[in-house]
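# What the coordinates show
This is what each chain is made of:
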Amino acid sequence: HEAAIVAVLSLPYFRSGDVGGLDELIKQTGETTDRRITVVDTSGAVLADSAEDPAMMASHAARPEIMQALAGDIGTETRFSTTVSESLMYVAVPVRDGSEVIGVARAALPVSRVDAIVDRTVIAIIISMVILAVAAGLAAWLIARFITRPIRELATAARDIAAGQFDRPVPVQARDETGQLALAFQNM
């Protein structure tokens, strides 16, 4: 999403040819979003970068995510960046002027931060599953108690009748099969 926003924001700079303004925008955007952002033209030349001087950077034409974006798709790649000396996850999107691809906007995030986000998500899912399992277990226990209580009461009454206590009332609580059985015991 950030790369797509940068693509839209960079379009006027592509149209005007204001490379200096584009680089300033990208540096401010990178600082604000805490992301590495790069904008390249269709030849792969770096026009703007949030972390480095674009004039000192090599062509990005052979980078897989850039090639995918230049072909009109969203490009993704994870690899070690020699520029910032860490593994980054890159997402590149085409900068379009109408239907024509005129460049690429790319956002990058350190893999360690992506891993931290994934770890937090996994922990949240595990906690949610545990809470759901406890809630489901409690619900099952309550339902089982509700269903078996009349049967347990009927079993107690049947034992009392078998022991000769014929005056013991048999509770009839429902009209289902359990209630019909309790009524039959009471009539007996």
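Residues numbered from 1 in each chain as written. Predicted model: local features only at pLDDT ≥ 70, side-chain atom pairs only at ≥ 80, totals over all residues. Heavy atoms only, no water.

## Quick word on the overall build of the chain
On a plain count of helices and strands, the chain comes out with five helices and five strands. Against the 2.2 N^0.38 benchmark of 16 Å for 188 residues, the chain shows a C-alpha radius of gyration of 35 Å, more extended than a compact globule. Principal-axis analysis of the C-alpha atoms places the extent of the chain at approximately 100 × 35 × 25 Å. For the chain, the proportion of its 188 residues judged to be buried stands at 31%. By sequence separation, contacts in the chain at least 24 residues apart represent 41% of the contacts at least 6 residues apart. When the accessible surface of the chain is split by element, carbon and sulfur atoms take 62% of a total near 11600 Å². (Helix = DSSP H or I, 4+ residues; strand = E, 2+ residues; numbered from the N terminus. Rg over C-alpha atoms; globule rule 2.2 N^0.38 Å. Buried < 20%, exposed > 50% of the residue type's maximum accessible area, 1.4 Å probe, protein only. Contact = heavy atoms within 4.5 Å. Areas by Shrake-Rupley, 256 points an atom, 1.4 Å probe, with all protein chains shown as cover.)

## So, the nonpolar core
Within the largest apolar cluster, 17 residues are counted, with the highest numbers of intra-cluster contacts made by Val-6, Phe-14, Leu-22, Ile-26, Val-39, Val-95 and Ala-105. Among the secondary structure elements, those contributing two or more residues to this core are helix H1 (2-16), helix H2 (19-33), strand S1 (36-41), strand S2 (46-49), strand S4 (86-97) and strand S5 (100-110). Take this core: its biggest share by element is five residues, from H1. If we skip the residues at most four places from it in the chain, Val-39 touches Val-6, Phe-14, Leu-22, Ile-26, Ala-45, Val-46, Leu-47, Ala-48, Val-104 and Ala-105. Membership of the second largest hydrophobic core comes to seven residues, among which are Met-57, Ile-66, Ala-69 and Val-104. (Core = buried A, V, L, I, M, F, W, Y, C linked by side-chain atoms within 4.5 Å.)

## Examining the packing of helix H4 (residues 111-162) against helix H5 (residues 177-187)
Viewed as axis vectors pointing N to C, H4 and H5 meet at an angle of 15 degrees, and their least axial separation amounts to 10 Å. In terms of their interaxial angle, H4 and H5 are classed as roughly parallel. Crossing handedness for the pair H4 and H5: left-handed. Contacts between H4 and H5 involve Pro-150, Ile-151, Leu-154, Ala-158 and Ile-161 from the former and Thr-178, Leu-181, Ala-182 and Phe-185 from the latter. Among the residues making up the contact of H4 with H5, the classes are represented as eight nonpolar, one polar and no charged. (Axes fitted to C-alpha atoms, helices over the stretch in contact; angles between N-to-C directions. Parallel < 35°, antiparallel > 145°, perpendicular 65-115°, else oblique. Left-handed = near helix turned anticlockwise from the far one by under 90°. Nonpolar A, V, L, I, M, F, W, Y, C, P; charged D, E, K, R; others polar.)

## Thoughts on the pairing of S4
Here strand S3 (residues 75-81) runs beside S4; their pairing, made up of seven bridges, is antiparallel. Bridging across to S4, Ser-81 finds its partner in Glu-86. Between S3 and the antiparallel strand that follows it, S4, lie four residues; Ser-85 among them carries a positive phi value of about 55 degrees. (Pairing = 2+ DSSP bridges.)

## Description of H2
Given a rise of 1.5 Å per residue, 15 residues ought to cover 21 Å, and the 21 Å separating the end C-alpha atoms of H2 matches this to within 8%. Its buried side turned inward, H2 meets H1, S1 and S2. One or two steps after H2, the chain reaches Asp-34, where phi turns positive at roughly 60 degrees. (Expected span 1.5 Å × (residues − 1).)

## Points about H4
The periodicity of an α-helix, 3.6 residues per turn, causes residues three or four positions apart to be oriented the same way. For H4, with 52 residues, the first-to-last C-alpha span of 74 Å sits near the 76 Å given by 1.5 Å per residue. Of all the bends found along H4, the most pronounced is centred on Thr-148 and spans about 35 degrees, while Pro-150, a proline, follows it within four residues. Listed in full, the buried residues belonging to H4 are Val-111, Val-114, Leu-154, Ala-157, Asp-160 and Ile-161. As for H4, its buried residues are in contact with S3, S4, S5 and H5. Looking one or two places after H4, you find Gly-164, whose phi comes out positive at around 100 degrees. (Bend = angle between axes of the 7 residues up to and from the residue.)

## Describing the sheet that holds S3
Here five strands make up an open sheet; going across it, the order is S2-S1-S5-S4-S3 and the pairing antiparallel. The sheet is open, and its two edges are formed by S2 and S3, each paired on a single side. Across the sheet, the axes of successive neighbouring strands diverge by a mean angle of 25 degrees, strand direction being ignored. Pairing of S1 with S2, which is carried by three bridges, proceeds in the antiparallel orientation. Paired with Thr-38 across the strands is Asp-49, a residue of S2. Sheet strands touched by H2: S1 and S2. Its angle to S2, the strand with the most contacts, is close to 35 degrees. Relative to the sheet, H4 contacts S3, S4 and S5, its axis offset from that of S5 by approximately 70 degrees.

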